[in-house]
Amino acid sequence: MSKFAANLTMLFTELPFLERFAAAREAGFEAVEFLFPYEWPAAELARQLQQYGLTQALFNMPPGDWAAGERGMAAIPGREAEFRAHLPTVRDYALALGCRKVHAMSGIVDPAHTLAAHRQTVIDNIRFAADFLAKDGIRVLLEPLNDRDVPGYFLAHQLDALALVQEIDRPNVAVQLDLYHAQIMDGDLTRLIGKLGPAIGHVQIASVPDRHEPDEGEIAYPHLFKVLEQAGYHDWIGCEYNPRGNTRQGLAWLAQQ
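Looking at an unreviewed UniProt entry, one finds the protein chain named Hydroxypyruvate isomerase family protein and attributed to Aeromonas popoffii. Here is the UniProt Sequence similarities (unreviewed entry) comment for the protein chain, exactly as written: "Belongs to the hyi family."

Structure, rendered in structure tokens:
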């Protein structure tokens with residue numbers, strides 16, 4: 001069942017970014033994901049994917065001023081126009097890369113607005129984005145992030161994401177389940193996966209607590225891979241972790257799956 005995508009933002013960082021596609025393929029990966037594509041021309045990224053026979057599994061929508069600490073704007077009142085203005089660029093990159101899943105980052109809570117206002121903003125923005133991207137077969141994902149790594153992020157719990165997806169009520173909107181974040185914030189992962197069920201649109205993995213290779217720490221990944229299969233998830237699983245050392249030398253776990 002398990003099909004793994006190398007997250008090129010976090011893996012193979014011993015190499016320049018555009019050289020990581022070849023490294024991922026040489027390591028046995030058939031798909032990649034990364035945070036943001038916008039620094040590079042879409043045609044160049046597409047060439048890398050085609051040259052090495054890779055599938056683009058996922059990328060994020062523009063996050064705002066990342067260097068200043070912004071982590072998206074989908075839930076931020078007053079930034080609706082900015083969020084929606086990015087959609088043509090997101091669509092163009094997704095189509096060029098053959099990518100059918102994009103993550104809309106919710107953002108850090110703005111204390112000038114109520115949580116209810118944030119919630120309504122994300123519902124309205126994601127409905128708009130989903131409708132805009134639906135005709136091209138692109139799904140929009142919402143991912144909870146733990147409040148240890150990203151304090152103040154609007155969306156931190158998996159079942160809150162599920163409730164949003166249900167209220168947004170668009171067939172191309174789903175939950176991005178990063179099991180690293182989910183274990184820190186929610187736990188009880190076997191039953192949590194069962195509750196999310198068909199709402200799971202993408203999965204990512206890393207060890208807890210240190211976000212290294214998934215062969216250490218407190219999560220029993222071989223068990224959870226079976227649980228995901230039983231829940232009906234058969235798509236890519238993103239390897240979004242910080243290698244303990246050299247990326248390639250840390251991939252022994254992959255050969256055992």
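Take the overall build of the protein chain next. The helix and strand tally for the protein chain stands at 10 helices and 8 strands. In summary, the protein chain has a C-alpha radius of gyration of 17 Å against a globular reference of 18 Å for 257 residues, a match within 12%. Taken along its principal axes, the extent of the C-alpha atoms in the protein chain is 45 × 40 × 35 Å. Accessible surface computed for the protein chain: about 10700 Å², of which carbon and sulfur atoms make up 50%. Taking the average place of the 22 positive charges on the side chains of the protein chain and the average place of its 33 negative ones, the gap between the two points comes to 5 Å.

With that settled, consider the UniProt feature "domain: Xylose isomerase-like TIM barrel" (unreviewed entry) in the protein chain. Per the UniProt entry, the sites bearing "domain: Xylose isomerase-like TIM barrel" (unreviewed entry) are residues 21-256 in this numbering. In the segment residues 21-256, helix accounts for 39% and strand for 14%; the C-alpha atoms at its two ends are 22 Å apart.

Time to look at the nonpolar core. Ranked by internal contacts, the top residues of the largest apolar core, which has 85 residues, are Phe12, Phe29, Ile126, Leu179, Ile205 and Leu228. When residues of this core are assigned to their parent elements, the largest contribution, 6 residues, is made by helix α5 (residues 115-134). Residues within four places of Ile126 in sequence aside, it is in contact with Ala74, Phe83, Ala104, Val140, Leu142, Ile168 and Val173. Formed by 7 residues, the second largest nonpolar core is a distinct cluster that contains Ala5, Leu58, Leu141 and Ala174.

Our focus in this paragraph is the pairing of strand β1 (residues 3-7). The buried fraction of β1 is high, at 4 of 5 residues. Summarising the sheet, β1 and strand β8 (residues 236-239) pair through 4 bridges and their orientation is parallel. Along β8, the bridge assignment pairs Ala6 with Cys239. Relative to strand β2 (residues 31-33), β1 runs parallel, the two being bridged by 3 bridges. Bridge pairing in β2 links Ala6 to Val32. As a crossover connection, the stretch from β1 through helix α1 (residues 20-26) into β2 is right-handed.

Bringing helix α4 (residues 87-97) into the picture now. Where α4 is concerned, the buried positions are Leu87, Val90, Tyr93, Ala94 and Leu97. The arc that holds every buried residue of α4, seen down its axis, measures 130°, which confines them to one face. Among the structural elements, α2 (42-51), β3 (55-60), α3 (80-85), β4 (101-103) and α5 are those in contact with the buried residues of α4. Once α4 finishes, Gly98 follows within two positions and takes phi at roughly 65°, a positive value.

So, on to the pattern of salt bridges. Throughout the structure, instances matching the rule amount to 13 salt bridges. One salt bridge connects Asp131 with Arg170, and the closest N-O pair in it is separated by 2.9 Å. Taken together, the residues span a long stretch of sequence, with Asp131 in helix α5 and Arg170 in the loop between α6 (158-168) and β6 (173-178) at a distance of 39 residues. Residue Asp131 is classed as partly exposed on the basis of its relative accessible area of 44%. Overall, the relative accessible area of 26% leaves Arg170 in the partly exposed class. Glu240 serves as the salt-bridge partner of Arg211, at 3.1 Å between the closest nitrogen and oxygen. Of this pair, Arg211 sits in the loop between β7 (200-205) and α9 (221-230) while Glu240 is found in the loop between β8 and α10 (252-255), placing the two residues 29 residues apart along the sequence. Pair check on accessibility: Arg211 and Glu240 agree, each one buried.

Calculation rules
Residues numbered from 1 in each chain as written. Predicted model: local features only at pLDDT ≥ 70, side-chain atom pairs only at ≥ 80, totals over all residues. Heavy atoms only, no water. UniProt positions renumbered as here; feature names shortened; annotations may be inferred. Helix = DSSP H or I, 4+ residues; strand = E, 2+ residues; numbered from the N terminus. Rg over C-alpha atoms; globule rule 2.2 N^0.38 Å. Areas by Shrake-Rupley, 256 points an atom, 1.4 Å probe, with all protein chains shown as cover. Lys, Arg positive; Asp, Glu negative; His and termini not counted. Charge placed at Lys NZ, Arg CZ, Asp CG, Glu CD. Core = buried A, V, L, I, M, F, W, Y, C linked by side-chain atoms within 4.5 Å. Buried < 20%, exposed > 50% of the residue type's maximum accessible area, 1.4 Å probe, protein only. Contact = heavy atoms within 4.5 Å. Pairing = 2+ DSSP bridges. Right-handed = clockwise from strand over helix to strand, strands pointing away. Arc of directions from axis to C-beta. Salt bridge = Lys/Arg side-chain N within 4 Å of Asp/Glu carboxyl O.

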